[in-house]
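What follows is the residue order along each chain.
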Amino acid sequence: MIVIGVRFKDVGKIYYFDPHTLEGLTMNTPVIVETGRGAGYGLVAMEARDIDIRTISQPLRKVLRAATDNDTMQELTNRKREDEAREICLEKIKTHKLEMHLVDVELAFDLSKIIFFFTADGRVDFRELVKDLASTFRMRIELRQIGVRDEAKMLSGIGICGRELCCASFLDEFQPVSIKSAKDQGLSLNPTKISGICGKLMCCLKYEEETYAYLLKGMPGVGDLVRTPIGDGDVLSINILRQTAKVAVRVKPNEEPVADFYPVAELKLLEHRPQCEKNCKCPKCKGGKNNDN
């Protein structure tokens with residue numbers, strides 16, 4: 001099926017639409033499309049191509065037309081109206097004494113609806129606020145509570161790397177990130193060092209996850225018993241990128257072990273000793289009583 005991709009925000013998700021009989025819709029061409037909220041204004045982010053219909057959510061909405069200069073002017077006017085609506089909403093939130101933080105405002109292209117995005121620690125009874133806003137703007141009002149990652153994407157900012165946030169600069173949708181990604185990459189598990197300004201695990205932990213998972217496949221773990229060219233020893237640490245392991249080898253009985261780095265290719269795993277978590281219930285730890293590892 002022939003589809004095109006349209007993006008409604010600078011770093012927003014790309015949505016598929018049916019171009020119908022329209023041709024010549026090149027990259028960044030402004031178009032008016034049919035959405036669940038009425039007509040929408042967006043830019044072509046993916047030119048027409050044939051895609052397996054089974055991978056597309058149905059029903060597929062249509063591209064109504066290429067945007068005209070008047071459409072573009074209306075879109076710019078709507079953006080100015082959003083700034084005005086934001087100020088009005090902030091005042092009314094104060095008036096109603098609601099514990100909520102207004103993040104962004106989005107006005108439908110055809111002026112049929114206005115959405116206010118906000119964050120809050122818990123549930124907020126904003127029924128009176130909705131009535132007040134509806135009487136002010138004379139259109140359908142929607143208040144939508146969002147998460148902290150969405151807030152960071154909308155507001156943008158500078159990460160600890162010194163660059164603009166990935167979510168606000170090029171990531172069109174969030175990927176799930178787990179603490180396992182930080183563990184596999186040998187990073188500090190200190191939350192302040194692996195969390196973004198949103199308070200969640202940094203999105204960039206996902207970028208090299210597959211590479212580290214691949215490199216870890218043939219590596220021993222810390223604490224494992226391995227055989228080296230000079231004898232058997234315990235793994236003290238590993239360097240994933242260099243594919244080396246620091247091993248403490250007792251060369252002679254009753255002498256202190258000699259620690260040195262060895263290429264993983266030269267090591268042979270003799271005994272795997274999993275690193276147990278606190279209060280581990282495995283037989284080795286006997287219900288957490290012997291937790292030296």
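Everything numeric in this text was worked out from a predicted model, so none of it was measured. (Residues numbered from 1 in each chain as written. Predicted model: local features only at pLDDT ≥ 70, side-chain atom pairs only at ≥ 80, totals over all residues. Heavy atoms only, no water.)

Asker: What's the story with the overall build of the chain in this structure? I'm lost.
Answerer: Within the chain, the secondary structure is distributed over 7 helices and 13 strands. The C-alpha radius of gyration computed for the chain amounts to 28 Å, which surpasses the reference 19 Å derived for 293 residues by more than 25%, pointing to a less compact arrangement than a globule. Oriented by its inertia axes, the alpha-carbon framework of the chain measures out at about 85 × 50 × 35 Å. Sequence separation of at least 24 residues holds for 53% of the intrachain contacts in the chain that already meet a minimum separation of 6. About 18700 Å² of surface is accessible on the chain, with carbon and sulfur atoms providing 51% of the total. Separation between the mean location of the 44 positive side-chain charges and that of the 43 negative ones in the chain comes to 5 Å. (Helix = DSSP H or I, 4+ residues; strand = E, 2+ residues; numbered from the N terminus. Rg over C-alpha atoms; globule rule 2.2 N^0.38 Å. Contact = heavy atoms within 4.5 Å. Areas by Shrake-Rupley, 256 points an atom, 1.4 Å probe, with all protein chains shown as cover. Lys, Arg positive; Asp, Glu negative; His and termini not counted. Charge placed at Lys NZ, Arg CZ, Asp CG, Glu CD.)

Asker: Hey, could you run me through the sheet that holds strand β7 (residues 113-119) in this one?
Answerer: Two orientations exist for strands paired in a sheet by backbone hydrogen bonds: parallel and antiparallel. The strand order β6-β7-β8 describes an open sheet built from 3 strands, whose pairing is mixed. Single-partner strands in this sheet number two, and they are β6 (101-107) and β8 (140-145). Averaged over neighbouring strand pairs, the angle between their axes works out to 20° when direction is ignored. Across 6 bridges, β7 lies against β8 in parallel orientation. Of the residues in β8, the one forming a bridge with F118 is Q145. Along the sheet, helix α1 (residues 69-95) makes contact with β6 and β7, crossing β6 at roughly 145°. (Pairing = 2+ DSSP bridges. Axes fitted to C-alpha atoms, helices over the stretch in contact; angles between N-to-C directions.)

Asker: Which parts of the structure should I look at to understand the packing of α1 against helix α2 (residues 127-137)?
Answerer: As a packed pair, α1 and α2 sit with axes 11 Å apart at the nearest point and diverge in direction by 145°. The handedness of the crossing between α1 and α2 comes out as right-handed. The segment α1 lies against α2, with A85, I88, C89, K92 and I93 engaging L129, D132, L133, T136 and F137. (Left-handed = near helix turned anticlockwise from the far one by under 90°.)

Purely spatial values, then, with no claim about function.
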